[in-house]
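As a plain string of letters, each chain reads:
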Amino acid sequence: MSTMSDKQPSAAQQGKRRKGGGGRESFRGGDRVKVHLHAVTDEQAALLTVNARPLEEVKKKTGADVHFDPNPSPVPGMKILIIRGVPSQIEVVFRLIRLMTGSQATLAEEVQTFWLQWVEAAYPDLESRAYFLPPVYFNRVPMTRATFAGQDVQVLLPQKGGRLKRLVERFESLLTSVKTNEERHEDGSHSNHRVKSPPEAAVAFISQLGAVQDSDIRYDAAMRQVLFCLQKLSRKTREVLVGITRLHFGQYLSEPCFAVAAAQLPRASSLSPNLPQSWKQGEFDVLLIHRHYGLVVCNVISFGDITNDLKMSQQDIDNNIRKKLRDAVSQLNKAEAMLSHLVSDIAPGLRITKTIAFPNLTADQVQQAIFHDSQLTEDLHCCLKTTDPADIADVCLCCDQLSDPKTPCDVSSHVLKKLGKWWTRRVAVSGRDSHMTRHVYRTLVARFCGPATTVSVPCTCPPRCTQCNACSYILCYRIKNFQTLCDKLLTQVPRLHLWAASCFHEHAPAGWQVENFTRPLRSPPAVIREVEREVYVSGCRDILPYRERGVPDHTEGPPVRRLYHRGQGHSGRLPGDCVTCGREVASFLHSLRVGVTESGTTTSTTLTSTSGGTPPCLQWRDVLVLYWYDVSDQSGVVTGLQEAGIPVRMMKDDDIEDVATARSDVVWVTNGHRVRGLERKIVVCLEDPDYYSYTFEVLQRYIPCSARVDYISRCTSQLVIVYSH
């Protein structure tokens, strides 16, 4: 991601005037150096690189650093020009480029054209389906950093009150420690070690804990519940929209590498000076850009179990609901004012629909809370623009229309029916908005979801670099008898300390100390549920079931993608034999933007890690294609992947080190038994229709019903299953 440099301009750049080409250009003294990304067509790039003279001339005249990004552009047919300099230099560079290429567009027009083309490449089905950004919701999970065996690790903290109890106990021990230390020094002895005062010690300890409160966890649960339902509804009714969660007002067009161009956009690039200062801070819980219905803003309110925990009276409960409703009205009014301003140069008068979601309350509870408060009723009536104040609860999204909070991803047909009625009553009731033309829709998406607007989500630990895979290097051996291997090792290496891991809890060698780890930590819940399903269906009694994790997961994870080896164009008995299956897998991988280099920009979702870095985009090395029958270089699925431009390699015996360290940036295709112990972000499983009968009748004596479990559990993010029928 391009960011503002800490370097100050040179002395020549800080001068009030500087000579250039055919005249004198003014440079503002004291401006910080910025990086600007400018896109040009392949034809324009050719004009700028003829004998390397044009770009050198631009550098000489402006003093700016100008060069082409060596990485492939995220937009086909275009190249990215990286310009480093103060804003006035960047503007001069752009004017010179216009002269050299014959472009008639302004800087703002050029960059908006690039944003539109970026969006077309990033969201190829923009006008036929729904997209949500981020694609999965990220929870704020309470964690703290600790050291174990000389390694820094992230430790999950409990969700409920046990955390506060331990905090108090630790604080009391700190007080005791300080008091004891002070008593030791009453004899006049001296120590160079400075002991922190009780407040300092408490602050130091508390700062080590995640700043996640129970209210944050309740809010995350409420957001997940709402998003699951909206995503499922949009798929069922084929709504065409883009949904954004937790977008702060200040994140709109805030990417530094586009700051110079964004500053030239009329009004929309900055917060309106006419708005109160307090209104300029806020966020959209859920913002929907709908192809036909305009903008929809949803404020999500969570309550959790606080009413039961504190044994609140009904009056106190109603007061609490009313207070949160007033806050929601304030937030929605701010959001409407901000949106009206931001889109005023695109489509003045665009419809903005506001709503409130109460995942923990019924419509009757909401109506009861506001029944005797005429002022709040009037405020809600004006905010939500209801035709009748008595309909306020009906146009809100309550738990009556949502999935069960215990299983939020399970959105039943009954829930979808109720949710559809709410959607019709709240969003679709006024019909299509005439302002929302095709051009307006694409422009709004380019502004809010393009490379110039970044939604940051938390990443609890620094992303693992590909080069660091060697740190956890694993060799997989196929052994007939693990006990024999251990016995022979002990004869050669006395006092040997050997660790081994297996998903089978009854296969430990004699005399070994066994610990059963059944808390799911590696894969997201979407994958874990698939593993549990396979264990149940296959009847594997050698694999212990998962237990409750005890704390929220960081994210639900992307839904399992299911493809089917059937229909027109499919051939062969198995998915591995089918070119069409390979093409469909390739199409899905391309939709995830695997292998796409962002050329200094970020995608609409940026994972901000605790180390302050931005993880790389998905690479081909992040993908494994696994099968449990014969697949070769000539198999249909491999051919289909290759035809789509995906670098594919069949794994051979001497490739194990390359696969384990992910050294080569390719998609490895292999039998799943060869990669036990390895993980990948994306795992594609090619199903065998004879798997279950083959497992039960033949392999049960050797590998008890575990093949699919082994393969699926290799996935740490996106699981793809290609079914045989």
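Residues numbered from 1 in each chain as written. Predicted model: local features only at pLDDT ≥ 70, side-chain atom pairs only at ≥ 80, totals over all residues. Heavy atoms only, no water.

Student: Would you mind showing me how to read the overall build of the protein chain here?
Tutor: What the protein chain contains, in helices and strands, is 23 helices and 21 strands. Relative to its full complement of 725 residues, the protein chain shows a buried share of 48%. Of the contacts formed within the protein chain by residues at least 6 apart in sequence, a portion of 78% connects residues at least 24 apart. Per element, the accessible surface of the protein chain, about 37,000 Å² overall, is 51% carbon and sulfur. (Helix = DSSP H or I, 4+ residues; strand = E, 2+ residues; numbered from the N terminus. Buried < 20%, exposed > 50% of the residue type's maximum accessible area, 1.4 Å probe, protein only. Contact = heavy atoms within 4.5 Å. Areas by Shrake-Rupley, 256 points an atom, 1.4 Å probe, with all protein chains shown as cover.)

Student: What is the right way to look at a positive patch on the surface in this model?
Tutor: Residues K417, K418, K421 and R425 make up a contiguous surface patch of positive charge. Mapped onto the elements, R425 comes out in helix α15 (residues 413-426). (Patch = residues over 30% accessible without salt bridge, like charges linked within 9 Å, V, L, I, M, F, W, Y side chains within 5 Å. Salt bridge = Lys/Arg side-chain N within 4 Å of Asp/Glu carboxyl O. Lys, Arg positive; Asp, Glu negative; His and termini not counted. Charge placed at Lys NZ, Arg CZ, Asp CG, Glu CD.)

Student: Whenever I open this one, the packing of aromatic side chains confuses me. Can you help?
Tutor: One pair of aromatic rings is described through two measures. These are the centre distance and the angle between the planes. One pass over the full model with this rule turns up 8 aromatic pairs. Considering the side-chain rings of W118 and Y123, the 6.2 Å spacing of their centres and the 80° angle between planes classify their relative orientation as edge-to-face. On the basis of relative accessibility, which here comes to 8%, the residue Y123 falls in the buried class. A ring pair is formed by F249 and F284, whose centres lie 4.9 Å apart and whose planes are at 55°; its orientation type is tilted. Here F284 lies in strand β10 (residues 283-290) and F249 lies in the loop between β9 (241-248) and α9 (259-262), a separation of 35 residues in the sequence. The pair formed by F249 and F284 is uniform in burial state, with each residue classed as buried. (Phe/Tyr/Trp six-rings, centres within 6.5 Å; stacked < 30°, edge-to-face > 60°.)

Student: Any chance you could explain the sheet that holds strand β19 (residues 667-671) here in plain terms?
Tutor: Consider a sheet: its strands pair through backbone hydrogen bonds, and that pairing is either parallel or antiparallel. The 6 strands are arranged β15-β21-β20-β17-β19-β18 in an open sheet whose pairing can be described as parallel. Two strands bound the open sheet, and with one partner strand each, they are β15 (561-564) and β18 (648-650). On average, each strand axis in the sheet is tilted by 20° relative to the strand beside it, whichever way the strands run. In this structure, β15 lies alongside strand β21 (residues 715-723), joined through 4 bridges in parallel fashion. (Pairing = 2+ DSSP bridges. Axes fitted to C-alpha atoms, helices over the stretch in contact; angles between N-to-C directions.)

Student: Please clarify how empty space enclosed by the protein should be interpreted in this entry.
Tutor: Empty space among the atoms can be located by rolling a probe the size of a water molecule over them. Throughout the structure, instances matching the rule amount to 3 cavities of 30 Å³ or more. As for the largest cavity, its lining consists of V226, L230, V286, L288, V296, C298, T355, L397 and W422. Of all the elements in the fold, those that place two or more residues in the lining of the largest cavity are α8 (214-237), β10 and β11 (294-300). Looking at side-chain class alone, the lining of the largest cavity contains 8 nonpolar, 1 polar and no charged residues. (1 Å grid on protein atoms, 1.4 Å probe; cavity = no way out; pocket = protein on both sides within 12 Å on 5 of 7 lines; lining within 4 Å. Points joined across faces, edges and corners; volume = space filled by probe spheres on them. Nonpolar A, V, L, I, M, F, W, Y, C, P; charged D, E, K, R; others polar.)

Student: Looking at this structure, I do not really get helix α13 (residues 374-384). What am I missing?
Tutor: Side chains that are three or four residues apart share a direction in an α-helix, a result of its 3.6 residues per turn. Those residues of α13 lying buried are L376, T377, L380, H381, C383 and L384. Among the structural elements, α11 (314-342), β12 (352-358), α12 (363-370), α14 (392-395) and α15 are those in contact with the buried residues of α13. Among the residues of α13, the N-terminal cap falls to D373, whose side-chain oxygen and the backbone nitrogen of Q375 are separated by 3.4 Å. K385 lies just past α13 and shows a positive phi near 55°. (Polar contact = N/O pair within 3.5 Å; in protein donor to acceptor, adjacent residues only side chain to side chain.)

Student: Sorry, what's going on with the packing of helix α19 (residues 579-591) against helix α20 (residues 636-643) here?
Tutor: At a minimum axis separation of 6 Å, α19 and α20 run at an interaxial angle of 45°. Classified by the interaxial angle, the pair formed by α19 and α20 is oblique. In the crossing of α19 with α20, the sense of the turn from one axis to the other is right-handed. Packed against α19, whose contacting residues are V579, G582, R583, V585 and A586, the element α20 presents G636, V637, T639, G640, L641 and E643 at the interface. A breakdown of the residues in the contact of α19 with α20 according to their chemical character gives 5 nonpolar, 4 polar and 2 charged. (Parallel < 35°, antiparallel > 145°, perpendicular 65-115°, else oblique. Left-handed = near helix turned anticlockwise from the far one by under 90°.)

Student: Looking at this structure, how should I read the pairing of β19?
Tutor: Remark: a regular strand shows side chains that alternate across the two faces of the sheet. In terms of burial, β19 is largely enclosed, as 5 of its 5 residues are buried. With burial as the criterion, each face of β19 is covered, one bearing V667, V669 and N671 and the other bearing W668 and T670. Two strands pair when backbone bridges link them, and strand β17 (residues 623-627) and β19 are joined in this way by 4 bridges, in the parallel orientation. Considered in β19, the bridge of V625 is made with V669. Pairing between β18 and β19: 3 bridges, direction parallel. Considered in β19, the bridge of R649 is made with W668. In this region the chain leaves β18, passes through helix α21 (residues 656-661) and returns to the parallel neighbour β19; the handedness of that crossover is right-handed. (Right-handed = clockwise from strand over helix to strand, strands pointing away.)

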